[in-house]
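# Topology and contacts: notes
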Amino acid sequence: MLKRPDTGIFLTFEGIDGSGKSTQARALAAALQAGGRDTVLTREPGGSTGAEAIRALLVEGAADRWSPETEILLFNAARRDHLEKTVLPALARGAVVISDRFADSTRVYQGAARASLRPLVDQLHDLVIGMEPDLTFVIDMDAKIALSRGLARNSGEDRFEDMGATFQQTLRAGFLELARMSPERVQVVDGARDMAAISADVLAATRAFMDARA
Ligand code: ADP
Ligand code: TYD
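Residues numbered from 1 in each chain as written. Chains lettered and ligands numbered in written order. Predicted model: local features only at pLDDT ≥ 70, side-chain atom pairs only at ≥ 80, totals over all residues. Heavy atoms only, no water.

Let us now look at the site of ligand 1. Residues in close proximity to ligand 1 total 14 residues, the closest being Gly18, Lys21, Ser22, Thr23 and Arg193. In the environment of ligand 1, an oxygen atom lies 2.8 Å from a nitrogen or oxygen atom belonging to the backbone of Gly18. Separating an oxygen atom of ligand 1 from a backbone N or O atom of Gly20 is a distance of 2.9 Å. Against a free-state accessible area of 560 Å², the protein chains account for coverage of 76% of ligand 1. Mapped by element, the contributors of at least two residues to the shell around ligand 1 are helix H1 (21-34) and helix H8 (195-213). In terms of residues, the shell around ligand 1 owes the most to one element, H1, which gives three residues. Taken together, the residues that form the shell around ligand 1 break down as three nonpolar, five polar and six charged. (Near = heavy atom within 4 Å. Polar contact = N/O pair within 3.5 Å; in protein donor to acceptor, adjacent residues only side chain to side chain. Areas by Shrake-Rupley, 256 points an atom, 1.4 Å probe, with all protein chains shown as cover. Helix = DSSP H or I, 4+ residues; strand = E, 2+ residues; numbered from the N terminus. Nonpolar A, V, L, I, M, F, W, Y, C, P; charged D, E, K, R; others polar.)

Okay, here's the thing in structure tokens:
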């Protein structure tokens, strides 16, 4: 089992594709760095050399490229490498780690979208990951607007976006349900506002969390 250091703070951003997670993760990292905090901005799938190689297998290609079970294994393989190589060493030296997506994405994309697979998602998480972020922001917004933002980027990494608006609506409901189940860890942020208003809320909540910890 992985040992999470007692030091450092682990924050994650979650939400549907195009909701503005990456924008907000970057803004928070910049604000904390400007305040002199050792801050690591990372992402999933990816965030380490091995996990970035696995990312390419996951986000490119046809939607039916992997069976659902194989896909869950690949996300967990990437996450384990990311934790071993990037997240845990940074926490050990006392850094704030901000990850654009983490295990909640697997619960929602692989678990909630295909309900029968949630037990497999949870069992694998317990076996090979076994840790949660300290605080998670779900950037919540209308699925159709988020989808049009995401596809407009034309990144070539649209395997999940290509699954369509109904799928994104199911995902949105899945993230909101996770927040309802874990209110002590997961905060929902209204993502349908201008970027600066969202960033201000996220920074205030992060500072409140850090002050409570200090
Ligand atoms: P995600 O990481 O959730 O997929 P991004 O942060 O990459 O989302 O944002 C998707 C697109 O929407 C980008 O082009 C970004 O500039 C734009 N965007 C992000 N936040 C906002 C916002 N609050 N209002 C309008 N556009 C936004
Ligand atoms: P990401 O690069 O965050 O996409 P976006 O910026 O469009 O939100 O993530 C790539 C895709 O991988 C995204 O569609 C969500 C999906 N994903 C899962 O299905 N399960 C997971 O565990 C993770 C981390 C991501």
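That was the structure; now back to the text.
It is worth spelling out empty space enclosed by the protein at this point. If a probe the size of a water molecule is rolled over the atoms, the empty space left behind becomes visible. Applying the stated criterion across every chain, the model contains one cavity of 30 Å³ or more. Estimates place the volume of the largest cavity at around 30 Å³. The wall of the largest cavity is formed by Gly15, Ile16, Val138, Ile139, Asp140, Met141, Arg172 and Phe175. Sorting the residues of the lining of the largest cavity by element identifies strand S4 (135-140) and helix H7 (165-181) as the ones contributing at least two each. (1 Å grid on protein atoms, 1.4 Å probe; cavity = no way out; pocket = protein on both sides within 12 Å on 5 of 7 lines; lining within 4 Å. Points joined across faces, edges and corners; volume = space filled by probe spheres on them.)

Another aspect to go through is the packing of helix H4 (residues 103-112) against helix H5 (residues 118-129). Contact pair H4 / H5: the axes reach a minimum separation of 9 Å and the direction vectors enclose 155°. Taken together, H4 and H5 sit at an angle that is classed as roughly antiparallel. Along this stretch, H4 crosses H5, giving a crossing that reads as right-handed. Residues Ala103, Thr106, Arg107, Gln110 and Gly111 of H4 lie in contact with H5, whose contacting residues are Arg118, Val121, Asp122 and His125. Here the contact of H4 with H5 is composed, by residue class, of two nonpolar, four polar and three charged. (Axes fitted to C-alpha atoms, helices over the stretch in contact; angles between N-to-C directions. Parallel < 35°, antiparallel > 145°, perpendicular 65-115°, else oblique. Left-handed = near helix turned anticlockwise from the far one by under 90°. Contact = heavy atoms within 4.5 Å.)

On to unusual backbone geometry. For the bond running from Glu44 to Pro45, omega is -10°, close enough to zero to count as cis. Along the polypeptide, Pro45 turns up in the loop between strand S2 (39-43) and helix H2 (49-59). For Arg101, which is not glycine, the phi torsion reads 80° and is therefore positive. Mapped onto the elements, Arg101 comes out in the loop between strand S3 (96-100) and H4. Here Arg101 falls in the buried class, since its relative accessible area comes to 10%. (Buried < 20%, exposed > 50% of the residue type's maximum accessible area, 1.4 Å probe, protein only.)

A word on the environment of Ala56. Checked against the element boundaries, Ala56 lands in helix H2. Residues Ala56 and Ala115, spaced 59 residues apart in sequence, show a C-alpha to C-alpha distance of 25 Å.

Coordinates in, geometry out; function isn't part of it.
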